[in-house]
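Each chain, written out:
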Amino acid sequence: MEGKLKQLISDAESGIGLAIDSKELDKLKIEYIGKNGRLTALLKGLKDIPAQKRPVFGKLVNDARIKIEQFFSIKENQIKQREKQIRIQSETVDITLPGKKNKLGTMHPINIIKEQILDIFSGFGFKACDGPEIETDYYNFQALNIPVGHPARDMQDTFYITENILLRAHTSPTQVHVMEQEKPPIRILSYGKVYRSDDDATHSPMFHQIEGLAIDKKITLCDLKGLLDAFAKQMFSTKTKTRFRPSYFPFTEPSVEVDVSCAMCGGSGCRLCKGTGWIEILGAGMVNHRVLENCNIDTSRYSGFAFGLGIERITLIKYGIPDIRLLFENDTRFLKQFNKW
Ligand code: FA5
């Protein structure tokens, strides 16, 4: 028996030594130490050995298994190393192959127009600021002279979180935050998302507004007219004309709506301006004294104007886009057309 074991170890050593890859090694494992392998066959002969010699023989078989397993483990490492080397050699990178092109994003048209508007007004000394999108009824309505039950609330119907907390319907609440914190002179531009219970080709439930506010001594409606006329000429064309129509906002007195001459037909009337030659771009007016008083601003010393425009509206006019929903569908075929200022 001992002789057979020695023979087995010597066969395994030379067989394993000659193996050239893992496949061959796997086969040898089955042959020597597998369930039906040669070592197991020797173990089966244990029953023919006298009982007192069995423990000694059992130990010899175990030692043989350990030795053979060591042969396998050494050879396995050698083969793995060699196979790794071969793989690395075959996997050399062909640096002459063309690289993968990353698709470049483009600025969203709403952001392009927003940047242009902020840029124009910053040239007039307006500082950009932001305000909360979730507001209280007080800031969205009451502080702006729109008390509970006022019919003007219907024009700016929004989404309510509780009876008192809502998504802001315009950027005008930021005026109040700023006037509560800063003393005149004030010249700010607030911008961001606003929400209304609207949904059609020119009205979206979420859209963007930019609001301007100037408070100082001796500010008049003429300052507002001059500023907005200069803005329209820079935004559209030097030939653009502006028209101020009387309007109503509870937070301004007097209030106006501002139209620009149609950029497409130059004022003669076309599809874009619905034949009128004019397109409305924003609401504005002199800040109502009640709003100034709500913010503790001395109305005997200071006056101011405010204006608010919808960025989507300007974007539709500027690019001749027929439906506001195109701006929110995220269709890259549409969006990639606006990669330039
Ligand atoms: C206001 O929101 C006033 N806060 C503007 C203002 C500010 C007036 C300061 C006076 C002083 P109005 O509801 O008209 O006004 O909205 C202003 C602009 O937002 C509109 O001219 C329009 O361009 C845009 N707008 C209104 N509703 C929507 C909507 N659902 N989707 C897209 N744009 C809209």
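Above this text is the structure in question.
Residues numbered from 1 in each chain as written. Predicted model: local features only at pLDDT ≥ 70, side-chain atom pairs only at ≥ 80, totals over all residues. Heavy atoms only, no water.

Student: For this particular structure, what's the right way to read the layout of surface pockets?
Tutor: Regions of empty space are outlined by a rolling probe, equal in size to a water molecule, passed over the atoms. When its volume is computed, the largest pocket comes out at roughly 670 Å³. Those elements that provide at least two residues to the lining of the largest pocket are helix H7 (172–181), strand E5 (206–216), strand E6 (242–249), strand E7 (252–261), strand E8 (278–287), strand E9 (303–310) and helix H10 (311–319). Looking at the second largest pocket, its volume works out to about 460 Å³. Taken together, 16 residues make up the lining of the second largest pocket; nearest its centre are Thr202, Leu272, Lys274, Ile279 and Arg313. When contributions to the lining of the second largest pocket are tallied by element, the ones reaching two or more residues are E8 and H10. Grouping the amino acids of the lining of the second largest pocket by side-chain chemistry returns eight nonpolar, two polar and six charged. (1 Å grid on protein atoms, 1.4 Å probe; cavity = no way out; pocket = protein on both sides within 12 Å on 5 of 7 lines; lining within 4 Å. Points joined across faces, edges and corners; volume = space filled by probe spheres on them. Helix = DSSP H or I, 4+ residues; strand = E, 2+ residues; numbered from the N terminus. Nonpolar A, V, L, I, M, F, W, Y, C, P; charged D, E, K, R; others polar.)

Student: Is there a simple way to explain the pattern of salt bridges in this structure?
Tutor: Opposite charge on two side chains permits pairing when their charged atoms draw close. Under the definition given, this model contains 14 salt bridges. Note that aspartate 11 and arginine 38 form a salt bridge whose closest N and O atoms lie 2.8 Å from each other. Here aspartate 11 is found in helix H1 (residues 2–18), whereas its partner arginine 38 is found in helix H3 (residues 38–44), with 27 residues between them in sequence. In this structure, the salt-bridge partner of glutamate 115 is lysine 114, at a minimum N-O distance of 3.9 Å. On the basis of relative accessibility, which here comes to 32%, the residue glutamate 115 falls in the partly exposed class. The class of lysine 114 is buried, set by a relative accessible area of 15%. (Salt bridge = Lys/Arg side-chain N within 4 Å of Asp/Glu carboxyl O. Buried < 20%, exposed > 50% of the residue type's maximum accessible area, 1.4 Å probe, protein only.)

Student: Help me understand the site of the ligand, please; the structure alone is not making it clear to me.
Tutor: As a matter of local geometry, the ligand sits amid 24 residues, with His170, Ser172, Arg196, Asp198 and Ser204 nearest to it. Between the ligand and the protein, one listed contact pairs a nitrogen atom with a side-chain N or O atom of histidine 170 at 3.0 Å. The side chain of aspartate 198 places a nitrogen or oxygen atom 2.8 Å from a nitrogen atom of the ligand. Contact with the protein chains hides 95% of the accessible area of the ligand, taken as 680 Å² for the molecule alone. When atoms are counted within 2 Å of each cavity's grid points, the one that captures over half of the ligand is the largest pocket. In terms of residues, the shell around the ligand owes the most to one element, E9, which gives four residues. Among the residues forming the shell around the ligand, the class breakdown is seven nonpolar, twelve polar and five charged. (Near = heavy atom within 4 Å. Polar contact = N/O pair within 3.5 Å; in protein donor to acceptor, adjacent residues only side chain to side chain. Areas by Shrake-Rupley, 256 points an atom, 1.4 Å probe, with all protein chains shown as cover. Sits in = over half its atoms within 2 Å of the grid points.)

Student: How should the pairing of E6 be read in this particular structure?
Tutor: Where a strand is regular, its side chains alternate between the two sheet faces. Two strands pair when backbone bridges link them, and E6 and E7 are joined in this way by seven bridges, in the antiparallel orientation. Note that in E7 the partner of proline 246 across the bridge is valine 256. The hairpin formed by E6 and E7 contains two residues between the paired strands. (Pairing = 2+ DSSP bridges.)

Student: Looking at this structure, I do not really get a nonpolar patch on the surface. What am I missing?
Tutor: Taken together, the side chains of Ile134, Ile161 and Ile165 present a nonpolar region at the surface, about 260 Å² in accessible area. Note that isoleucine 165 resides in strand E3 (residues 165–167). (Patch = residues over 30% accessible without salt bridge, like charges linked within 9 Å, V, L, I, M, F, W, Y side chains within 5 Å.)

Student: Is there a simple way to explain unusual backbone geometry in this structure?
Tutor: In terms of backbone geometry, most residues other than glycine have negative phi values and most peptide bonds are trans. Here the amide bond leading from proline 184 into proline 185 is cis, since omega sits at 5°, within 30 degrees of zero. A cis amide bond links glutamate 253 with the next residue in sequence, proline 254, at an omega value of -5°. Tracing the chain through its elements places proline 254 in strand E7. Look at lysine 218: it is not a glycine, yet its phi comes out positive at around 60°. You can see lysine 218 is positioned in the loop between E5 and helix H8 (221–235). For lysine 218, a relative accessible area of 75% puts it in the exposed group. The phi dihedral of asparagine 330 falls on the positive side, at around 60°, and the residue is not glycine. By the element assignment, asparagine 330 lies in the loop between H10 and helix H11 (332–335). Taking the relative accessible area as the measure of exposure, asparagine 330 reaches 55% and is therefore exposed.

Keep in mind that these numbers describe shape and distance, not what the molecule does.
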